[in-house]
Amino acid sequence: MLICEAGDSLSRFFHTTRKVGKRMAASPRAPHAPQPDSPAKQRKLERRSLIKKDLKRNKFIYLLALPIIAYYGIFHYGPMYGLLMAFKDFSIADGIWGSRWIGFDHFENFFNSYYFGRLIRNTILINIYELLFAFPAPILLALLLNEIRGRIFKRTVQTISYLPHFISIVVVVGMMFDFLARDGLINQLLGFFGIDSIPFMSEPGWFRTLFVGSGIWQGLGWGSIIYLAAIATIDPTLYEAAKMDGAGRFKQVLHITIPGIMPTIVIMFILNMGSMMSVGSEKVLLMYSPLTYETADVISTFVYRRGVLDSDYGFTTAVGLFNSIVSFILLVASNTISKRVSEHKLW
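Every value quoted in this text rests on a predicted model; they were computed, and no experiment measured them. (Residues numbered from 1 in each chain as written. Predicted model: local features only at pLDDT ≥ 70, side-chain atom pairs only at ≥ 80, totals over all residues. Heavy atoms only, no water.)

Chemist: Just checking my understanding: could you explain the UniProt feature "transmembrane region" (unreviewed entry) in the chain for this structure?
Modeler: Residues annotated by UniProt as "transmembrane region" (unreviewed entry) correspond here to residues 60-78, 124-145, 166-186, 206-232, 253-271 and 313-333. Along residues 60-78, the helical share is 95% and the strand share 0%, with 26 Å between the first and last C-alpha atoms. The span residues 313-333 is 100% helical and 0% strand by assignment, and the distance between its end C-alpha atoms comes to 30 Å. (UniProt positions renumbered as here; feature names shortened; annotations may be inferred. Helix = DSSP H or I, 4+ residues; strand = E, 2+ residues; numbered from the N terminus.)

Okay, structure coming up:
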């Protein structure tokens with residue numbers, strides 16, 4: 001009896017299962033479940049979400065930055081199409097796009113010209129002198145000012161050293177012509193000691209010394225501000241620990257202050273390396289004369305004479321482009337070397 005009932009139950013179960021299978025086969029297939037996104041797509045979606053959140057959170061900051069972005073876009077990146085003049089025989093009547101294409105002729109003329117060696121030599125030598133003498137000067141002043149304990153004396157020295165920065169370059173050069181003239185104060189003092197007067201401003205051998213020296217006098221105090229700010233961020237407990245270990249003030253400077261401001265020094269050095277091929281044309285134009293072209297003529301003044309005075313815009317654009325490319329290479333190279341030698345870098 002039990003066996004018969006079990007057999008009937010099994011037959012009913014198989015019959016029901018067969019019907020359900022037929023219905024499922026006849027019915028349309030259900031859609032597949034959504035597949036999970038790939039890792040790359042997920043990262044892309046997360047990045048978009050973060051950007052949206054950041055824009056929403058800092059929208060007013062981005063609005064404040066818009067005028068600066070517009071300024072650089074309009075006045076710095078917009079005119080870069082003018083670099084085409086370096087590869088064309090530019091004519092004002094034909095315009096940039098209508099002028100005849102001449103390729104690298106301007107570059108070849110510059111490299112083969114009589115002035116090429118003199119311009120490169122003067123530009124590099126002036127920048128090397130500034131790196132050797134003008135670059136360390138603000139660092140030394142900041143270290144010395146940091147060791148002064150008298151607050152009134154320290155502020156007085158800082159104020160006096162800052163003031164030359166606010167004097168116009170035209171006024172500074174005018175003072176140099178007055179003090180260094182044949183009948184000026186310096187030559188009068190030399191004559192008092194029995195030394196013949198020296199034509200400082202018309203002597204080629206004195207130009208670089210006067211250019212770099214006047215630059216140190218004018219920018220010494222102002223350049224020390226950034227190093228004083230870097231010194232102020234050093235933890236005072238390091239000095240206290242050094243005193244407990246018996247370190248004097250010189251050793252504290254050597255082992256605490258200088259390593260503490262080393263990242264700032266490296267960044268400023270890299271930026272100075274990036275401007276190795278750039279010498280301020282304003283000061284050179286005010287100081288030099290045809291008598292001092294031998295040591296005073298640099299790339300920027302040559303570009304001014306050929307471009308503005310002689311209206312040779314295509315040639316001077318090629319010279320300026322060459323100057324910018326070399327400066328960019330020096331900037332990247334100095335940053336790469338600094339990255340490999342030390343842990344400090346600009347980017």
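This is not the end of the story, as more comes after the structure.
Chemist: Just checking my understanding: could you explain the layout of surface pockets for this structure?
Modeler: Where empty space is left becomes clear once a probe the size of a water molecule has been rolled over the atoms. Within this model, the largest pocket holds a volume of roughly 840 Å³. Surrounding the largest pocket, 28 residues form its lining, Glu130, Ala134, Gly215, Gly219 and Asn272 being those nearest its centre. Those elements giving two or more residues to the lining of the largest pocket turn out to be α6 (115-134), α11 (204-232), α13 (249-274) and α14 (281-287). It is α11 that provides the largest number of residues to the lining of the largest pocket, a total of 11 residues. Counted as a void, the second largest pocket has a volume near 300 Å³. Asn146, Glu147, Arg149, Ile231 and Tyr239 are, among the 15 residues lining the second largest pocket, the residues nearest its centre. Every element with two or more residues in the lining of the second largest pocket is listed here: α7 (136-147), α11, α12 (236-244) and α13. The greatest single-element share of the lining of the second largest pocket, amounting to 4 residues, is contributed by α12. Grouping the amino acids of the lining of the second largest pocket by side-chain chemistry returns 7 nonpolar, 2 polar and 6 charged. (1 Å grid on protein atoms, 1.4 Å probe; cavity = no way out; pocket = protein on both sides within 12 Å on 5 of 7 lines; lining within 4 Å. Points joined across faces, edges and corners; volume = space filled by probe spheres on them. Nonpolar A, V, L, I, M, F, W, Y, C, P; charged D, E, K, R; others polar.)

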